[in-house]
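Summary of the model geometry
Below are the chains, spelled out letter by letter.
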Amino acid sequence: MSIKYAILGLLSWKPASGYELKKIFEDSSAMYWSGNNNQIYKSLVQLLDDGLVTNEIKHQESSPSKKIYSITDEGMLRLKEWVLEEPELPELKNTFLIQLAWADQLDDEELDDLLDRYEDRINMQLVYQQEKMNRGLQEPNRNEREAFLWNKISENLLSNYLNELKWVQGIRKELKARKQMKERMTMNYKLVENETKPYIELIASDTPLSTEQDAVDLIALCKENDVELLLVHGEALAGEFFSLRTGVAGRMIQKFTNYHVKTAVIIPHPSLNRGRFKEMVGESNRSNHFGVFETRADAESWLIQ
């Protein structure tokens, strides 16, 4: 879009000098040009040559004379023709996206600082734009519909910043979650490629597994390796898993079942497989979703059947 049409639009509102037009550009969020003198006066000369505007000298007693520009009938016609043209899609030029594309070379602290500074700048712009919207700087108010449209323009600008803020906050949240998962998932596991079906074998974990999130992390590990079978050695599970009153086993098993990850657990110690836990094991083994076995051979046989 040419700045000339923005000038014609402003002059359709009221006659103005080049300086007054410059101030409007500076105060407006929608008028995205810098509004420097060269841009404005060069465009005014072209509009004058094309017969789209006229000017007159206004003399002032205590100030220098100034040149006031007004739109002509032909200028109004040209403005309307431009308004009726095919709308252009917004130009998505965001330098920060290019910075982010190469941000993997940063460590966690540096990346968080970069995102933090970008979030701060967005917040500052939100405050600034909201203030301008509240004050209604340099906005025509000739009728109710025009006021409504200008308000919607301000809302559009605010929504862009709000969406950007939500997006960058989402990045920071997900990065934090990935870091936490990585810290939790300090596990000794391997992908077993047998002749029948591949599966993940979890041998041990620095932090014994005891939560639904641990189950979700294991499910994610399976999905990343494109398998739906999981073999877990009992040593990787926290003691709470074997006490039904804690509810740990039930919640973790439910997650495995919901996400269709068939899971076999090896518990070679009879002392762990007793009482109510043993009753649950008996029911689970019949479900074909979760099973507990004393030997690795039995667990694998059931898992890949």
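The notes below deal with the structure included here. (Residues numbered from 1 in each chain as written. Predicted model: local features only at pLDDT ≥ 70, side-chain atom pairs only at ≥ 80, totals over all residues. Heavy atoms only, no water.)

Focus on the overall build of the protein chain
- What the protein chain contains, in helices and strands, is 11 helices and 8 strands.
- Whereas a compact globule of 305 residues would reach a radius of gyration of roughly 19 Å, the protein chain reaches 34 Å, over 25% beyond that.
- Principal axes of the C-alpha set define a box for the protein chain whose edges measure 105 × 35 × 35 Å.
- Looking at the protein chain as a whole, 34% of its 305 residues qualify as buried.
- Of the contacts formed within the protein chain by residues at least 6 apart in sequence, a portion of 66% connects residues at least 24 apart. (Helix = DSSP H or I, 4+ residues; strand = E, 2+ residues; numbered from the N terminus. Rg over C-alpha atoms; globule rule 2.2 N^0.38 Å. Buried < 20%, exposed > 50% of the residue type's maximum accessible area, 1.4 Å probe, protein only. Contact = heavy atoms within 4.5 Å.)

Some words on the sheet that holds strand β3 (residues 66–71)
- Reading across from one edge, β1-β3-β2 is the order of the 3 strands in this open sheet, with antiparallel pairing throughout. Strand pairing shows two members of the sheet lacking a second neighbour, β1 (16–17) and β2 (53–58), which therefore form its edges.
- On top of the sheet, helix α1 (residues 3–13) reaches β1, β2 and β3; it is set at about 95° to β3, its chief contact. (Pairing = 2+ DSSP bridges. Axes fitted to C-alpha atoms, helices over the stretch in contact; angles between N-to-C directions.)

Topic: the packing of α1 against helix α4 (residues 73–83)
- Close contact between α1 and α4 brings their axes to 10 Å; oriented N to C, the two are set at 120°. By the criterion of interaxial angle, the relationship of α1 to α4 is oblique. As for the relative orientation of α1 and α4, their crossing is left-handed in sense. Note on element contacts: α4 touches α1 through Gly75, Met76, Arg78, Leu79 and Trp82, opposite Tyr5, Leu8, Gly9 and Ser12.
- By residue class, the composition of the contact of α1 with α4 is 5 nonpolar, 3 polar and 1 charged. (Parallel < 35°, antiparallel > 145°, perpendicular 65-115°, else oblique. Left-handed = near helix turned anticlockwise from the far one by under 90°. Nonpolar A, V, L, I, M, F, W, Y, C, P; charged D, E, K, R; others polar.)

Here's the deal with unusual backbone geometry
- Not every positive phi belongs to a glycine, and Asp226 is a case in point at roughly 60°.
- Given the relative accessible area of 70%, Asp226 is considered exposed.
- Even without being glycine, His260 reaches a positive phi, approximately 55°.
- Take His260: it is sitting in the loop between α9 (248–258) and β7 (262–266).

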